[in-house]
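Secondary and tertiary structure notes
Residue strings, one per chain:
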Amino acid sequence: MTDAQETAADTSLRTTGGAPPDDVAPAPIPLLEPREGIPPVVASDDALARVIADFARGTGPVAVDAERASGYRYGQRAYLVQLRRDGAGSALVDPVGCPDLSGLSTALTGSEWILHAATQDLPCLRDIGMAPTSLFDTELAGRLAGFPRVGLGAMVENVLGYALEKGHSAVDWSTRPLPEPWLRYAALDVELLIDLRDALEEELERQGKLEWAREEFEAIASAPPAPPRKDPWRRTSGMHKVRRRRQMAVVRELWNARDQVAQRRDISPGKVLGDAAIVEAALALPANVTALAALPGFGHRMGRRQLEQWQAAVERAKALPESELPQPGQQPAGPPPPRSWADKDPAAAARLSAARAAVSELAERLHMPQENLITPDTVRRVCWEPPKSLTPSAVEDTLAAYGARRWQIEQVGPLLLRALAAGG
C-alpha cells in the first residue's frame, strides 16, 4: 500500500456525511492489495512448524478466517485457513495437507482471535484443533455499532475505505491446487481484519457499547458445540407438503439413503438427490422404477442403478409396519406461534404486543437490530409464561435463565417488567 493508503487504513470510522455536490465526482475506492504478496500455501508438517513459530513470536491479536466447500462437499470441513498477525505476516494453511492444527492453536493460547461472523467458522476450526480462548467478531461488532451492511466487504469499504475483491466466496475450495486468484482473495480476507477490529473497537467505545460487545464475544467463545440435530430429515425443503405418516417414512428413507451416498462420495447431498425430488417421491409413492423415473428430479440423466437404489428406499418405507412409521413433528418446546395467542391467552398476547413495541423502540434508539438486543424467542417465552413474582430481580433471573447476557438484562429487563405488568 502507498503511504496515503496506509494513512487511510489507520483512520477512525468513516461517516457518510451526505452526498457530495453535483459538480464533485466521488473519490474512487482503492482496491485492496496484499502488502507482502500472496503467501505460499502451507501443506506440510515442516512448513506448518515454521508458521507456528512465526505466529508464536508475533504480537497482538490474530486475524483468522476459514474457507469451506459448501454445496460441493459433504459436511462443513475447512479447506483453507487464513491467518495474519503483526510480526508474522499472513499465512495460508491447507487443512488437507495439515489436518491437525492444534499445535497452532496452542501457540496462540491467550491471544485474541479476530473473526468475521465467528459462529460460521468456529465449528470447522474446532474440527481441526483450533479454538480461541478470546475473540473479537467484526460482523457482530458492526451489528452492535449500527451498521446497516455487515458483510466483510461492506465493512472494510465503509470503515477503512478499501474495496475487497469479489467473486470467489462460493467456489469449490476443495479444489487442488487452488488457483492463484482464489488464494489472493483468501489472503485479502485477513489483510485488514486487525485494522477493522481496531476501528470498530474505537467506535463501540464512543457509543458506550464496548463492554456489551465483550460480553457477546465471551459468550461465543465459551459456547459449547451445538448438539447434533434430532431427525434432520424433517428439515427437508418442502416437507410441509408431506402430511401422511407413510409419506414421511419415504422422506426419511430417501434422506438417509442419500446421506449415506453423499458421505461415501464426499459430495454435497443436494448434488446426489434434490430435496424436491425426495418430496415428489414421498407424495407419489411410486409403484416401481418406471413410475419413479417419471417424477421430477428422477429424469433421464439418472442411471438405472441409481433409480433402483432410490426405489428400494421407497419400498422399505412402504413395507414398514404402522408402529414404525414416524410421528408428525412434535411442537418445539416453548410457547405456541404468536398468531394463536389472542385466542389462547389474550393477556399473554397483550404482554407480547407491549414488549415487542418497547424492544423495537429501544433497539431503534440504540441503533442496533432487535435480535441483537434480545432474541425474539426470549421475549416470547417471558411473555407467555412470566415469572410468578413481577419484580425486577425475578425478571432478571428469568432472562438470565434463557441465556441473556448481563448488558441485555440491564437494557431490556425494565422494559419487559413494565410490559408484563401492563398486560396483566
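Look a little higher up for the structure.
1. Examining the pairing of strand β3 (residues 78-86)
In terms of burial, β3 is a largely internal element, eight of the nine residues being buried. Sheet topology places β3 next to strand β4 (residues 89-93); five bridges connect them, and they run antiparallel. Considered in β4, the bridge of glutamine 82 is made with leucine 92. Linkage of β3 to β4, two consecutive antiparallel strands, is achieved through a turn of two residues, within which glycine 87 is found at a positive phi near 85°.

2. Describing the state of the cysteines
Throughout the structure, instances matching the rule amount to zero disulfides. The closest cysteine sulfur to the non-disulfide-bonded cysteine 124 is located on cysteine 98, 16 Å from its own sulfur. Take cysteine 124: its relative accessible area is 2%, and that puts it in the buried class.

3. Brief notes about the packing of aromatic side chains
A complete count under the given rule lists five aromatic pairs for this structure. Aromatic pair phenylalanine 136 and phenylalanine 217: ring centres 4.7 Å apart, planes at 50°, arrangement tilted. In this pair, phenylalanine 136 is assigned in strand β6 (residues 134-137) and phenylalanine 217 in helix α9 (residues 210-222), connecting sequence segments 81 residues apart. The pair formed by phenylalanine 136 and phenylalanine 217 is uniform in burial state, with each residue classed as buried. Here the aromatic cluster, defined as three or more aromatic residues joined through ring pairs, consists of Trp173, Trp182 and Tyr185. Sitting over the ring of tyrosine 79, arginine 77 keeps its end group 4.7 Å from the ring centre.

4. A word on the pairing of β6
In terms of strand pairing, strand β5 (residues 112-115) meets β6 through four bridges, oriented parallel. Within β6, the position partnered with leucine 115 by the bridge is aspartate 137. What joins β5 to β6 is helix α4 (residues 118-127), and the crossover it makes is right-handed.

5. Looking at the side chain of glutamate 215
In this structure, glutamate 215 sits in helix α9. At 2.8 Å, the side chain of glutamate 215 and the side chain of arginine 406 are in polar contact. When neighbours within four sequence positions are excluded, glutamate 215 is seen to be in contact with Arg405, Arg406 and Trp407.

6. What about unusual backbone geometry?
Omega for the bond connecting arginine 176 with proline 177 falls within 30 degrees of zero, at -5°, which places this linkage in the cis form. Tracing the backbone shows proline 177 in the loop between α6 (152-160) and α7 (180-191). Positive phi outside glycine occurs at alanine 117, with the angle close to 60°. Note on placement: alanine 117 falls in the loop between β5 and α4. Alanine 117 gets classed as buried once you look at its relative accessible area, which sits at 7%. You will see that aspartate 266, though not glycine, has its phi angle at about 50°, which is positive. Tracing the backbone through its elements, the reader meets aspartate 266 in the loop between α10 (245-265) and α11 (269-272).

7. Notes on the nonpolar core
Counting 86 residues, the largest nonpolar core has Phe55, Val81, Leu83, Leu135, Leu196 and Leu373 as the members making the most contacts within it. Contact partners of leucine 373, with chain neighbours within four places excluded, come to Val359, Leu362, Ala363, Leu366, Met368, Trp407, Gln408, Gln411 and Val412.

8. Describing the pattern of salt bridges
Enumeration over the complete set of coordinates arrives at 28 salt bridges. Glutamate 410 is the salt-bridge partner of arginine 406, the closest N and O atoms lying 3.3 Å from each other. With a gap of four residues between them, arginine 406 and glutamate 410 both fall in helix α20 (residues 406-423), about one helical turn apart. Under the relative-accessibility criterion, glutamate 410 is labelled partly exposed at 47%. Residues joined by salt bridges that share partners form a network here, namely Glu112, Arg197, Asp198, Glu201, Glu211 and Arg214.

Thresholds applied
- Residues numbered from 1 in each chain as written.
- Predicted model: local features only at pLDDT ≥ 70, side-chain atom pairs only at ≥ 80, totals over all residues.
- Heavy atoms only, no water.
- Buried < 20%, exposed > 50% of the residue type's maximum accessible area, 1.4 Å probe, protein only.
- Helix = DSSP H or I, 4+ residues; strand = E, 2+ residues; numbered from the N terminus.
- Pairing = 2+ DSSP bridges.
- Disulfide = S-S within 2.5 Å.
- Phe/Tyr/Trp six-rings, centres within 6.5 Å; stacked < 30°, edge-to-face > 60°.
- Lys NZ or Arg CZ within 6 Å of the ring centre and 35° of its normal.
- Right-handed = clockwise from strand over helix to strand, strands pointing away.
- Polar contact = N/O pair within 3.5 Å; in protein donor to acceptor, adjacent residues only side chain to side chain.
- Contact = heavy atoms within 4.5 Å.
- Core = buried A, V, L, I, M, F, W, Y, C linked by side-chain atoms within 4.5 Å.
- Salt bridge = Lys/Arg side-chain N within 4 Å of Asp/Glu carboxyl O.

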